[in-house]
Amino acid sequence: MTGIDRHLAEVRAGLDRLGPKEAWRAVRDDGALLVDTRPEATRRAEGGIPGALVIERNHLEWRCDPASEGALPQATSTGIRWIVFCDEGYASSLAAASLRTIGLSRATDLVGGFRAWRAAGLPVAPG
């Protein structure tokens, strides 16, 4: 295995990735935060997850890092459980690993992304 496939496998080995129902329980029971990094056009066409924070990928680290001047109000500590998702769960693995690199040690991603969430029958808001 070479290139992006190898890199993705290495990154995922360091994450405790969550399936859709596990992620839903983490949000509901443990205060985890879902983060939708999909582009606006995709969210408009496919819908979204109610309550998820929308942070496009190019702003993610600045919005989630509590030490950043651009941090969201929800970014109150490095111990927050950020659950990043994209459309299918590839880019979100790389994004979650990047959050871990800057000290957000509980960051992870949603296995299968938004498509898996929707397929699991979990709540979806229209686009």
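Residues numbered from 1 in each chain as written. Predicted model: local features only at pLDDT ≥ 70, side-chain atom pairs only at ≥ 80, totals over all residues. Heavy atoms only, no water.

1. Examining the UniProt feature "domain: Rhodanese" (unreviewed entry) in the protein
The sites that carry the UniProt feature "domain: Rhodanese" (unreviewed entry) are, in the present numbering, residues 28–126. Helix and strand shares over residues 28–126 are 33% and 12% respectively, and the end C-alpha atoms of the span are 21 Å apart. (UniProt positions renumbered as here; feature names shortened; annotations may be inferred. Helix = DSSP H or I, 4+ residues; strand = E, 2+ residues; numbered from the N terminus.)

2. What about the pattern of salt bridges?
Summed over the entire model, instances satisfying the criterion amount to 12 salt bridges. Residue Arg6 pairs with Glu10 through a salt bridge whose shortest N-O separation is 3.4 Å. With Arg6 and Glu10 both in helix H1 (residues 3–13) and 4 residues apart, the pair spans about one turn of that helix. Assessed through its relative accessible area of 39%, Arg6 is described here as partly exposed. Here Glu10 falls in the partly exposed class, since its relative accessible area comes to 48%. Note that Arg44 is salt-bridged to Glu40, the shortest N-O span being 3.8 Å. (Salt bridge = Lys/Arg side-chain N within 4 Å of Asp/Glu carboxyl O. Buried < 20%, exposed > 50% of the residue type's maximum accessible area, 1.4 Å probe, protein only.)

3. Quick look at the side chain of Asp65
Structurally, the position occupied by Asp65 is in the loop between helix H4 (60–64) and strand S3 (82–85). Among the polar contacts made by the side chain of Asp65, one reaches the main-chain amide nitrogen of Ala67 at a distance of 2.9 Å. Not counting residues within four places of it along the chain, the set of residues in contact with Asp65 comprises Ala71, Ala75, Ile102 and Leu104. (Polar contact = N/O pair within 3.5 Å; in protein donor to acceptor, adjacent residues only side chain to side chain. Contact = heavy atoms within 4.5 Å.)

4. Brief notes about the packing of aromatic side chains
Enumeration over the complete set of coordinates arrives at 0 aromatic pairs. The aromatic ring of Phe114 is capped on one face by Arg38, whose charged end is 4.2 Å from the ring centroid. (Phe/Tyr/Trp six-rings, centres within 6.5 Å; stacked < 30°, edge-to-face > 60°. Lys NZ or Arg CZ within 6 Å of the ring centre and 35° of its normal.)

5. Some remarks on the packing of H1 against helix H5 (residues 91–101)
Between H1 and H5, the shortest axis-to-axis distance is 9 Å and the interhelical angle comes to 55 degrees. It follows that H1 is oblique to H5 by the angle criterion. Crossing of H1 over H5 shows left-handed handedness. Facing H1, whose interface residues are Ile4, His7, Leu8, Val11 and Arg12, H5 presents Ser93, Leu94 and Ala97. When the residues that make up the contact of H1 with H5 are grouped by side-chain class, the tally is 5 nonpolar, 2 polar and 1 charged. (Axes fitted to C-alpha atoms, helices over the stretch in contact; angles between N-to-C directions. Parallel < 35°, antiparallel > 145°, perpendicular 65-115°, else oblique. Left-handed = near helix turned anticlockwise from the far one by under 90°. Nonpolar A, V, L, I, M, F, W, Y, C, P; charged D, E, K, R; others polar.)

6. A short note on the pairing of S3
Residues Trp82 and Val84 point to one face of S3 and Ile83 and Phe85 to the other, with burial holding for every one of them. In this structure, S3 lies alongside strand S4 (residues 108–109), joined through 2 bridges in parallel fashion. Looking across to S4, one finds that Ile83 is bridged to Thr108. Tracing the backbone out of S3, into H5 and back to the parallel element S4 gives a crossover that is right-handed. (Pairing = 2+ DSSP bridges. Right-handed = clockwise from strand over helix to strand, strands pointing away.)

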